[in-house]
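Understanding the architecture of this molecule
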Amino acid sequence: GESVGLHLPTLSVQEGDNSIINCAYSNSASDYFIWYKQESGKGPQFIIDIRSNMDKRQGQRVTVLLNKTVKHLSLQIAATQPGDSAVYFCAERYGGSNYKLTFGKGTLLTVNP
Amino acid sequence: GAGVSQSPRYKVAKRGQDVALRCDPISGHVSLFWYQQALGQGPEFLTYFQNEAQLDKSGLPSDRFFAERPEGSVSTLKIQRTQQEDSAVYLCASSLGQGPPGELFFGEGSRLTVL
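Quantities reported herein were computed from a predicted structural model and do not represent experimental measurements. (Residues numbered from 1 in each chain as written. Chains lettered and ligands numbered in written order. Predicted model: local features only at pLDDT ≥ 70, side-chain atom pairs only at ≥ 80, totals over all residues. Heavy atoms only, no water.)

1. Describing the interface of chain B and chain A
Let me state the cut-off plainly: When checking whether two residues touch, look at their non-hydrogen atoms; a contact exists if any pair is within 4.5 Å. The term buried area means the drop in 1.4 Å probe accessible area that two parts suffer when joined, counted for both and summed. One speaks of a salt bridge when a side-chain nitrogen belonging to Lys or Arg is within 4 Å of a carboxyl oxygen belonging to Asp or Glu. The way it works is that DSSP assigns letters per residue, a run of H or I at least four long becomes a helix, a run of E at least two long becomes a strand, and they are numbered from the N terminus.
Between chain B and chain A, the residue contacts involve 25 residues of the former and 23 residues of the latter. With both sides pooled, the region where chain B packs onto chain A buries about 1900 Å², and carbon together with sulfur makes up 57% of that total. Here chain B and chain A share one salt bridge between them. Salt-bridge contacts for K100 of chain A lead to D56 of chain B; the nearest nitrogen and oxygen are separated by 3.5 Å. Contributing elements (two or more residues each) for the side of chain B that touches chain A: β4 (31-37), β5 (44-50) and β6 (53-56) of chain B. Per-element tally for the side of chain B that touches chain A: the top contributor is β4 of chain B, with three residues.

Laid out in structure tokens, this is it:
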């Protein structure tokens, strides 16, 4: 039968704590990055994006940090809420493509009340 | 509706059957994408349309996969002679412009199970 194990990196936090989700991207030529949230049974939902000429961008309760030297991206969620429980994906766009995104494996965030 | 709509939400097919998955993008969105998402994995690019033109089909796994968007709005992804490895969620996404992906709006996906 079908395996139910997701084998995703997981992060479990308490409600109200800050969460940090990390992503290592693959291509040094990537120039645009997006974080998506995917709840069970739904499609990915845009959270925040950042271009490679920036190293930090803030949204509502979320901050994305980009370290091009080590090809690392992180998503910080402040005051994590149970509704934040989901799988989070980073996606990168190679500089040579205007439209194609490559998604990472994803991290499962569980927020405990 | 206001979002990207996909149908059917669930499809069970016997190996060898043909299936067709439909996507209704947000009205006025120029760009339309199909992605395949295996269990526990991130979405993988299949194909990209700009209006009715299929500009990139490099991600289609084989010639059994075919996508069309004849009038620049609704799109259909067809899989012929389905195989077990085709089992996945097929996601459709649209965006307003022709340029950088920006905010892609995804549908809820069509989950295909091939027995």
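2. With respect to the sheet that holds strand β7 (residues 72-77) of chain A
All names here are of chain A. Test applied: Here, a strand pair is defined by DSSP locating no fewer than two bridges between the strands. Here an angle of 0 to 180 degrees is reported between the N-to-C directions of two axes, which are lines fitted to C-alpha atoms, with helices fitted over the stretch in contact.
On the basis of which strands lie adjacent, the open sheet formed by four strands has the order β2-β7-β6-β5 and antiparallel pairing. Edge positions in the open sheet fall to β2 (19-24) and β5 (56-58), since each of these has one partner strand only. Shown here is a sheet whose adjacent strand axes are inclined to one another by a mean of 15 degrees, direction ignored. Note that strand β6 (residues 62-67) and β7 share six bridges and pair antiparallel. Across the sheet, residue V62 finds its bridge partner in β7, namely I77.

3. A look at the pattern of salt bridges
Pairing is possible between side chains that carry opposite charge, provided their charged atoms lie close to one another. Residue and element names in this part refer to chain A. Our working rule: The buried label goes to any residue with under 20% of its type's maximum accessible area, the exposed label to any with over 50%, and the partly exposed label to all in between, with areas taken from a 1.4 Å probe on protein chains only.
Throughout the structure, instances matching the rule amount to eight salt bridges over all chains. Its salt-bridge partner being D31, residue R93 comes within 3.0 Å of it at the nearest N-O pair. Of the two residues, R93 is situated in strand β8 (residues 86-94) and D31 in strand β3 (residues 30-38); the sequence distance between them amounts to 62 residues. Exposure remark for D31: the relative accessible area of 22% places this residue in the partly exposed category. A salt bridge links R57 to D49; its shortest N-O distance comes to 2.2 Å.

4. Considerations on the environment of G16 of chain A
All names here are of chain A. The topology assignment puts G16 in the loop between β1 (10-14) and β2. Judged by relative accessible area, which is 46%, G16 ranks as partly exposed. As for G16 and A91, which are separated by 75 residues in sequence, their C-alpha atoms are 26 Å apart. Here G16 is in contact with A79 and T80, once residues within four sequence places are set aside.

5. Examining the sheet that holds strand β7 (residues 65-68) of chain B
Residue and element names in this part refer to chain B. Strand order in the open sheet formed by four strands is β1-β3-β8-β7, and the pairing between neighbours is antiparallel. Every other strand in the sheet has two partners, leaving β1 (5-7) and β7 as the edge strands with one partner each. With strand direction ignored, the average angle separating the axes of adjacent strands in the sheet is 15 degrees.

6. Here's the deal with the packing of aromatic side chains
Geometry of an aromatic ring pair is reported as the spacing of the ring centres plus the angle between the planes. Put simply, the test is: The pairing test for Phe, Tyr and Trp rings, Trp by its six-membered ring, is centres within 6.5 Å, and the orientation test on the planes gives stacked under 30 degrees, edge-to-face over 60, and tilted for anything in between.
Under the defined criterion, the tally for this structure stands at 14 aromatic pairs over all chains. Between Y36 of chain A and F46 of chain A, the aromatic rings sit 6.4 Å apart at their centres with planes inclined by 85 degrees, giving edge-to-face as the arrangement. Pair noted here: Y36 of chain A is in strand β3 and F46 of chain A is in strand β4 (residues 45-51), with a separation of ten residues, a long-range link. Between the aromatic rings of F33 of chain B and Y35 of chain B, the centroid separation amounts to 6.4 Å while the plane-to-plane angle is 35 degrees, which identifies the pairing as tilted.

7. What about the state of the cysteines?
All names here are of chain A. The condition that has to hold: Cysteine sulfurs are considered disulfide-paired once they come within 2.5 Å of each other.
Within this structure, the stated rule accounts for two disulfides over all chains. The disulfide partner of C23 is C90, and the gap between their sulfur atoms is 1.6 Å. Here the residue C23 occupies a position in strand β2, and C90 occupies one in strand β8, the gap between them amounting to 67 residues. The class of C23 is buried, set by a relative accessible area of 9%.

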